[in-house]
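Below are the chains, spelled out letter by letter.
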Amino acid sequence: MSTRVRFAPSPTGYLHIGGARTALFNWLYARHTGGKFILRIEDTDAQRNTQEAVDVILEGLRWLGIDWDEGPLCGCDPSASKGEHGPYFQSQRADIYRAKVEELKSKGFAYDRDGAVYFKMGREATLIEDLVVGEVRRELTDREALDPDFVIVRSDGQPVFHLVNVIDDMLMEITHVIRGEDHLTNTAKHIALFKAFGAEPPKYAHIPLILNSDGSKMSKRDEGASLMAYPEMGYLPEALINQLVLLGWTPGDNKEIVSVEEIIRSFDLPQVHRSNARFDMNKLKSINYEYMRQLSMEEFVEQGRKAFEKAGMLSGDWDEGYVTRALETCKDKVKTFAELPEYAGFYFVEELRYDPELLEEVFTEEGRERLAALGQRYTNLEDFSAASLEAELKALAKELGLKAGPLVHPLRLALTGAKSGPSLYHLMEVLGKERVLKRINGLLK
């Protein structure tokens, strides 16, 4: 049988970064082996599940580029493309679960107690052959030894996770269950359910958890816990995939920048690490920078435009050519697209606001005199190209017996309101003579 894996999130909130990595590992394994990746929404808990949370899951997976192979043809999701398979929803499979519960009862593996349905759990130890963790022998705890049976249908008639998880894995012929190590404690119950149904359990692979950089468990409140925070922070999906896959897996050549295509060719479960992985935001930024550098100028400008629009900085009537030229000066200068509005926002405001401390530091009396002299030279300059602007500044510096820096610093402050930014002469060319002189004269008043 060919590989069949699944990702089965519960829509009770945002998609956690750990869940996203679980989806990614399943998808990569399916693509590596030529198998199928199935998306199944575990939404039997009607009180906690929301359509909004479902939409967030689908949006997040699509943003990462993770596609699924089976399910009803879409009509369920208005954002889906025509003909796309929707996920399976457990809430639509209630009749199947009821029939399987009756099957367990008829075989003597389930019974009613206190209004709920219980599964008869054996008392012997369970041996789990895990593809990542290795061989695990699961003994009953002292409490379980007294009463090992567990609920599979609650008193309100709702089936529990253990039951529906196993039934769906069995009926969907899942061959490998790749999930977080926190689920390892559930595996003995799941294996027992498979055996009760007379089915062979899938192969299990419990992957390490994702921790914060300080080694603590990543909670919902921690930075970077939500998948959809990453597009908001200006990261590229390819960069996050690269980071996530390295949290628990290493390519054979120990490369840190690995394309999705390369990962698919190499990814296999024996290479998954046993130990928990720490999420490093600084490392992600470095990876994202490398992916941003690989973008064509057209791609960079398109993404940059979205970043400025999101920041509300392109709401005015800005010339398209001007926007493009401004963004071109930012290529290879920032590590995330979310940094662009602060880095180059000076292009898209009519009046700059200056930090008083920065003014005091840079705009001294001498700096004021030099800026005034430079403004006069630029007023008379016909060719306002970057090369001409640079030559004029260096010529004035030579006349004054200075290096370029004492002229560059007050000029950059006058034009951008900052001490650093895009190439000074190129940003001046983009701003144009009128804006440059207006900002110089505005600061000199």
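In this text the structure is predicted, and so the values were computed from the model without any measurement.

Attention now moves to the overall build of the protein chain. Helix and strand content of the protein chain: 18 helices and 12 strands. Overall, the C-alpha framework of the protein chain stretches about 100 × 40 × 40 Å when taken along its three principal axes. Counting over 445 residues, the protein chain shows a buried share of 50%. For the protein chain, the proportion of contacts with a sequence separation of at least 24, taken over those separated by at least 6, is 72%.

The next thing to look at is the sheet that holds strand 4 (residues 110-113). In sheet architecture, strand pairing relies on hydrogen bonds along the backbone and comes in two forms, parallel and antiparallel. Spatially, 4-5-8 is the arrangement adopted by the three strands of the open sheet, whose pairing is antiparallel. Two strands close off the open sheet at either side, each with one partner strand: strand 4 and strand 8 (150-153). When the angles between neighbouring strand axes are averaged without regard to direction, this sheet yields 45°. Here three bridges tie strand 5 (residues 116-119) to strand 8, and the two strands are oriented antiparallel to one another. Looking at strand 8, one finds that Y118 is bridged to V151.

A few words now on the side chain of N288. Residue position: N288 is located in helix 10 (residues 281-294). When neighbours within four sequence positions are excluded, N288 is seen to be in contact with G234, Y235, L236, A239, K335 and T336.

In this structure, the largest pocket encloses a volume near 1200 Å³. Every residue lining the largest pocket is counted, 42 residues in all, and those nearest its centre are P9, S10, G19, D182 and H183. When contributions to the lining of the largest pocket are tallied by element, the ones reaching two or more residues are strand 1 (4-7), helix 1 (17-33), helix 5 (161-171) and strand 9 (176-180). It is helix 1 that provides the largest number of residues to the lining of the largest pocket, a total of five residues.

Of the pairings in the sheet, the one linking strand 4 to strand 5 comprises four bridges and is antiparallel in character. The residue of strand 5 that forms the bridge with A110 is F119. Connecting strand 4 to the antiparallel partner strand 5 that follows it, the hairpin turn spans two residues, and D114 within it adopts a positive phi of roughly 55°.

The next subject is helix 18 (residues 424-444). Taking 1.5 Å of rise per residue, 21 residues should cover 30 Å, yet helix 18 covers just 19 Å from first to last C-alpha, more than 12% shy of that figure. Of all the bends in helix 18, the greatest measures close to 110° and is centred on G432.

Counted under the stated rule, the structure contains 30 salt bridges. One salt bridge in this structure joins D67 and R31, with 3.2 Å as the shortest N-O distance. Within this pair, whereas D67 is found in the loop between helix 2 (51-64) and strand 3 (88-89), its partner R31 is found in helix 1, the two being separated by 36 residues in sequence. The class for R31 is partly exposed, based on a relative accessible area of 22%. When the shortest N-O distance is used, the salt bridge between K306 and E302 registers 3.9 Å. Here E302 and K306 lie together in helix 11 (residues 297-310), a separation of four residues that amounts to about one turn. Here K306 falls in the partly exposed class, since its relative accessible area comes to 44%. Relative accessible area serves as the criterion here: at 45%, E302 is assigned to the partly exposed category. Salt bridges here are not isolated pairs; linked through shared partners, they connect R6, R40, E42, R93, D168 and D169.

Once that is clear, we can look at the side chain of N165. Structurally, N165 is set in helix 5. By relative accessible area, N165 is classed as buried at 2%. A distance of 3.3 Å separates a polar atom in the side chain of N165 from a polar atom in the side chain of R6.

As a further point, take the packing of helix 1 against helix 8 (residues 237-246). Running from N to C, helix 1 and helix 8 cross one another at 85°; their axes reach a closest spacing of 10 Å. Here helix 1 lies roughly perpendicular to helix 8, going by the angle between them. Two secondary-structure elements touch here, helix 1 through I17, A20, R21, L24, F25 and L28 and helix 8 through L240, I241, L244 and V245. Per-class residue counts for the contact of helix 1 with helix 8 are nine nonpolar, no polar and one charged.

This part covers the sheet that holds strand 1. Spatial ordering of the open sheet is given by 1-2-3, a layout of three strands whose pairing is parallel. Looking at the sheet topology across the chains shown, the edges are occupied by strand 1 and strand 3. The pairing of strand 2 (residues 36-41) with strand 3 spans two bridges and is parallel. Within strand 3, the residue paired with R40 across the bridge is Y88. Sheet contacts for helix 2: strand 1, strand 2 and strand 3; angle to strand 2, the most-contacted strand, approximately 160°.

The subject of this paragraph is the packing of aromatic side chains. All chains considered together, the criterion is met by 16 aromatic pairs. For the ring pair F300 and F337, a centre distance of 5.4 Å and an interplane angle of 40° mean the geometry is tilted. Here F337 lies in the loop between helix 12 (320-328) and helix 13 (340-344) and F300 lies in helix 11, a separation of 37 residues in the sequence. Among the residues examined, F337 registers a relative accessible area of 4% and is labelled buried. An angle of 65° between the planes, with centres 4.9 Å apart, marks the rings of F308 and F348 as edge-to-face.

Rules of the game
Residues numbered from 1 in each chain as written. Predicted model: local features only at pLDDT ≥ 70, side-chain atom pairs only at ≥ 80, totals over all residues. Heavy atoms only, no water. Helix = DSSP H or I, 4+ residues; strand = E, 2+ residues; numbered from the N terminus. Buried < 20%, exposed > 50% of the residue type's maximum accessible area, 1.4 Å probe, protein only. Contact = heavy atoms within 4.5 Å. Pairing = 2+ DSSP bridges. Axes fitted to C-alpha atoms, helices over the stretch in contact; angles between N-to-C directions. 1 Å grid on protein atoms, 1.4 Å probe; cavity = no way out; pocket = protein on both sides within 12 Å on 5 of 7 lines; lining within 4 Å. Points joined across faces, edges and corners; volume = space filled by probe spheres on them. Expected span 1.5 Å × (residues − 1). Bend = angle between axes of the 7 residues up to and from the residue. Salt bridge = Lys/Arg side-chain N within 4 Å of Asp/Glu carboxyl O. Polar contact = N/O pair within 3.5 Å; in protein donor to acceptor, adjacent residues only side chain to side chain. Parallel < 35°, antiparallel > 145°, perpendicular 65-115°, else oblique. Nonpolar A, V, L, I, M, F, W, Y, C, P; charged D, E, K, R; others polar. Phe/Tyr/Trp six-rings, centres within 6.5 Å; stacked < 30°, edge-to-face > 60°.

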